[in-house]
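Take a look at the letters that make up each chain.
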2 protein chains.
Amino acid sequence: MSKPLSIGVAGLGTVGVGVVKILAERKDFLTAASGRAMKLVAVSARNKTKDRGIDISGVRWEDDARAMSSADDIDVVVELIGGSDGIARELVETALSNGKHVVTANKALIARHGVALARVAEQRGVALNYEAAVAGGIPIIKALREGLAANEITSVAGILNGTCNYILTEMEATGRSFEAVLADAQALGYAEADPSFDVGGIDAAHKLAILASLAFGQEVSFDNVEVEGIERITASDIEFAKDFGYKIKLLGVAMRGPGGVEQRVHPTLVPEGTPLAAVSGVFNAVSIEGDRVGQLVLEGRGAGEGPTASAVLSDLVDIARGLVVPPFIVPTSHLKPSVKAKSDANKSAYYIRFNAADRAGSIAEITRALADAQVSIERIVQSSEPRDASTGRLPVVFLTHETEEGSMRKALIHLSKHEDVAGKPLVVRLATSGSR
Amino acid sequence: MSKPLSIGVAGLGTVGVGVVKILAERKDFLTAASGRAMKLVAVSARNKTKDRGIDISGVRWEDDARAMSSADDIDVVVELIGGSDGIARELVETALSNGKHVVTANKALIARHGVALARVAEQRGVALNYEAAVAGGIPIIKALREGLAANEITSVAGILNGTCNYILTEMEATGRSFEAVLADAQALGYAEADPSFDVGGIDAAHKLAILASLAFGQEVSFDNVEVEGIERITASDIEFAKDFGYKIKLLGVAMRGPGGVEQRVHPTLVPEGTPLAAVSGVFNAVSIEGDRVGQLVLEGRGAGEGPTASAVLSDLVDIARGLVVPPFIVPTSHLKPSVKAKSDANKSAYYIRFNAADRAGSIAEITRALADAQVSIERIVQSSEPRDASTGRLPVVFLTHETEEGSMRKALIHLSKHEDVAGKPLVVRLATSGSR
C-alpha cells in the first residue's frame, strides 16, 4: 500500500466540518477504496476556539490557511473558504504552483479564474478538482469530464440554485409572494441574509459557466453569461404558467448558437411532464444532451453539509487513486476562447405579463403593436385581478409563438411606449427542446 | 505524450460498430482528453464480409476473438460478444490474466463471474470496467464506484430494462394487452424474438446484482436476486393502479434487511409524482439513497448503439488516463459474501388482483380470510368487467395497508384455496420509500 495522502482543509464551515467527519467515520472504507490512507494533517478557519462537534486535537491548526500551500507534509489542499479572489485564490494558486493537488467547492473562483488555475495545475501535473462547486452531491463534473467524453454535447440545462427552486416551489404550493417566501427561506437557513447572489441568478451563472466550458470545450467565461433573477416573478405568474401547463424554474442553459455559445440564466416556463419541471424544493438537476448518449438527467441535493462533503470526498478519492484529469477535460491549450453567440436570431416562445388600462380597444392596439414587430400571439389572458393598487390597471398575459429574439426586443420597446401599459413588462422564455 | 493505447474490439454488433465509429470520429478530442492516442488494432466478429458501414481496412481481423487475449500489441480488450460463459468469459479471463485491461458491456458475465474476474484483474493490476453493462449511457457505475465513495448507501432502485418500460408505457398509453404491445416491440426491434430474458426480469436482475454489490460492498450474487417479470400485468392492472395514483414499473430494488441484503426485481406500483414514476418509454433510471448525499436520481437511455458505445468509450478514456479502480470499489478481499436478508418481516403494502365469483357474501369471506392472516385492507374495487370468459368471474382488486411479507404469503394460501377465487392471484408490491 502506498503512503497516506496528506490533506489540509482550509475553511471549517458546514462543508469543511462534513469533510472532516467523513474522513474520520469512513476511514477504513476510504482506505480500501483508494488503496492508501487519507490523513488529515492540517486545518484552518477564522475561529480556533469554536466547538464544531469534530475532533481535530491531533491536527495542526494554521492561523493563515495560505501556510498550507507551502507545507511540505501536505499533498492536497481542500479549499472551502469561498470568494473568487483574496485568500482563496491565493491559496489555490500557490498550492498548485507548489505541486500540490487542489480540491475546491468554490464556484466563483472556478468560474472567474478556472482556466488560469488549470494552466498552473497542468504545468505541475497535479489535479484541480471541483465536483462540489456545481450542484452539490450530483456527480455532474465527473459525468461531463469523464463519463461523457465520447459525446459532442449539444445542450446543458439545469436547475442550479436550490434557494431559487425552493422559493419558486413554495410560491406555487402556497400562493404566497416572492418576498414572503424569501423571508421564510432566510429564517430556515435556505437563503442568505443578502440573498442577491442566489435570487439574482449570479450563483447559478457561476455554475453554468463551468458546465458550459466542460460541455463545449471553451474557456470558462462568467462574463459571457446573460443573467436574470427570479425577483420579478409573482404568485400570479406561477398561477398563469400553471394554467398554460408550465412550471416556472430558474434555469441555466448553454447551447451552441450562431458564431459561438449561448449561456443564459433566467426564469423559464418549463412544460409539465418534462424532467426539470418535476424537480422541486431545494433539489438541483442537470439535463445534458449528447450526440451519442441522447438525453441524460441527473437530479439530487445541490447544497448542504452531506451532499457537498460527499462531492469533496469523491475528488479526494480520485486523487488518492492516482487520477489526474485535465480540469476542463482537455488541456487548456485545446480550449477555444468563449465567444457569445449572436442572439438576435434565437428562436423562443415567450410569456409576457404587464398591467394595462382597463379600456376598450387597448388589447387590440397592443396586439397590433406586437404583430408589427413580427411577434405572433398564441394566447391572451386578461385577468380581472389583481388590479394594480396605484394605477388601477389589470394584468394581461400573452403567450407568443416562436419568435426571434431581435423581434421580441423591438416589440418590447413598442409595448413600453404604449400609454395603456404600466411599468416594464415581465418577459419569460418558454423552454426550448434543449432546455428541459 | 505517452504511447497510444492499443485496443482490440471483440464483437461488431450495434455496440461494437458504435465504438469503432466514435474512435474514428472523435479521435482528436479523445487524444486530447486522454493525453494519449487510442488506436484500434484488432477486431473480431462472426461474419468477416458483412458491410457494417465502418472502415476497418487497416485493422487486423481475428477469426477467433480469443487470440486478442494474448496478442502482444493489445493493451485493452473490449468484449462485446455477450453471454455469461463460453468465448466471452474465456476471452475476458485470459486477457486479464495476461495483464490486459478489459472493458465489457456484458451484464450476465459480470453478474455471474464478476468477483472471480475482479480477483484476476486485481492480481495483475489492470482495469475491469463495465459501465456499459448497466443502464447503457447512464454513468451509474462511475457514480457508485467513484462519485459516491463517501456514502453508506441505504438503497438502490432502478428501472433497468428499457424493453419492459417501453411495454408498460405503451400499455398505459394505448390500453392494449401485454401480448399485443410485446409483438409491436419485437417488430420495432425493442424486444428480442425470445423476449423472456427481458420481460421475465432476468436482464434487470443481472444489472441489479451488479449495482447491489457496488452499493453494499458485497460479492455479486445473481442467484440471490428474487425475480418476477411483467408477463402477468394486464391493461386493467395499469388502469386500476392509475386510479389509485400509481404507475406500474418493473423495478430492481436492493436494500439492507434483517441479516443481509434484499435484492428483488418485480413489477411495482410507484406513486405518481416520484422520479421513477415519470420515466417512460425505453429510458432507464436509477435512484440511489446515500447517507450523506441523500437521494440521487440518474435517468437516460439504457440501450442502443450511441448510449452503450458512449459508456464503453468512457471506460476506455479512464484506462487511457491511467485510472485503475477496484472493479467493485474495494479489493475483493474486502467484499462481504452476499447473504439474502430474511424477508418474512419485510413490510410493504400490496396490490392484489384476482377473479372472484359474482356471489353475495363472497367478498366478505375473502376479506375475513385476509384479516385472519393479519392483512388489513385499505381499499377494494370490484369491477363489472372484464368478466373472465371461461369462468364468468369478475376481477376484484385489493390495496392492503403495510403488511409483513410472511403474513402476505399466508394470506395468499388462504386466498388460493377459497372456492370463489379463480386461478393464482396477481400480487404486486407498492414502492416503499427506498424504491421510488
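The shown structure was predicted, so the numbers you read here are calculated from the model rather than taken from an experiment.

**Quick notes on the relation of the copies chain A and chain B**
Relative to chain B, chain A is turned by 180° and slid 0.0 Å along the rotation axis, the superposed coordinates differing by an RMSD of 0.0 Å. Taken together, the rotation and translation relating the two chain copies correspond to the operation of a two-fold axis. Ranked by how close their C-alpha atoms come to the rotation axis, the residues of chain A are headed by A:Leu298, at 2.3 Å. Both copies share a contact surface, since 100% of the interface residues of chain A are interface residues in chain B too.

**A look at the packing of helix 1 (residues 14–25) of chain A against helix 11 (residues 305–320) of chain A**
Residues and elements named next belong to chain A. At a minimum axis separation of 8 Å, helix 1 and helix 11 run at an interaxial angle of 60°. Put simply, helix 1 runs oblique to helix 11. Relative to helix 11, helix 1 is oriented so that their crossing is right-handed. On helix 11, the residues that touch Thr-14, Val-15, Val-17, Gly-18, Val-19 and Ile-22 of helix 1 are Glu-305, Gly-306, Thr-308, Ala-309, Val-312 and Leu-313. Across the contact of helix 1 with helix 11, the residue classes tally to seven nonpolar, four polar and one charged.

**Overview of the domain arrangement of chain A**
Residue and element names in this part refer to chain A. Each assigned domain of chain A is listed with its residue range as follows: domain 1 (5–133), domain 2 (143–302) and domain 3 (347–430). Placing a centre on the C-alpha atoms of domain 2 and another on those of domain 3 gives a separation of 25 Å. Taken residue by residue, the interface counts 11 residues in domain 2 and 11 residues in domain 3. Put simply, the parts of the chain that give the side of domain 2 that touches domain 3 at least two residues each are helix 10 (235–243) and strand 10 (260–271). When the residues that make up the side of domain 2 that touches domain 3 are grouped by side-chain class, the tally is six nonpolar, three polar and two charged.

**Things to note about the interface of chain A and chain B**
Contacts between chain A and chain B engage 46 residues on the former and 47 residues on the latter. Residue assignment for the side of chain A that touches chain B shows that the elements contributing at least two residues are helix 2 (27–34), helix 5 (140–147), strand 12 (294–301) and helix 11 of chain A. Where strand 12 of chain A meets strand 12 (residues 294–301) of chain B, three bridges bridge the pair, whose relative direction is antiparallel. Bridging across to strand 12 of chain B, A:Leu298 finds its partner in B:Leu298.

**Looking at the sheet that holds strand 1 (residues 5–10) of chain A**
To summarise the sheet geometry, strands pair through backbone hydrogen bonds and adopt either a parallel or an antiparallel arrangement. All names here are of chain A. Spatially, 3-2-1-4-5-6 is the arrangement adopted by the six strands of the open sheet, whose pairing is parallel. At either end of the open sheet lies a strand with only one pairing partner, and these are strand 3 (60–61) and strand 6 (128–129). Bridging between strand 4 (residues 76–79) and strand 5 (residues 101–104) involves four bridges; their strand directions are parallel. Looking at strand 5, one finds that Val-77 is bridged to Val-102. Packing against the sheet, helix 3 (residues 86–97) makes contact with strand 1, strand 4, strand 5 and strand 6, and its axis sits at approximately 165° to strand 4. Each of strand 1, strand 2 (38–44), strand 4, strand 5 and strand 6 is contacted by helix 11, which is oriented at about 165° to strand 5, the strand it contacts most.

Reading the values: the criteria
Residues numbered from 1 in each chain as written. Chains lettered and ligands numbered in written order. Predicted model: local features only at pLDDT ≥ 70, side-chain atom pairs only at ≥ 80, totals over all residues. Least-squares fit on C-alpha atoms with pLDDT ≥ 70 in both. Contact = placed C-beta atoms within 7 Å. Axes fitted to C-alpha atoms, helices over the stretch in contact; angles between N-to-C directions. Helix = DSSP H or I, 4+ residues; strand = E, 2+ residues; numbered from the N terminus. Parallel < 35°, antiparallel > 145°, perpendicular 65-115°, else oblique. Left-handed = near helix turned anticlockwise from the far one by under 90°. Nonpolar A, V, L, I, M, F, W, Y, C, P; charged D, E, K, R; others polar. Domains from an automatic or database assignment. Pairing = 2+ DSSP bridges.

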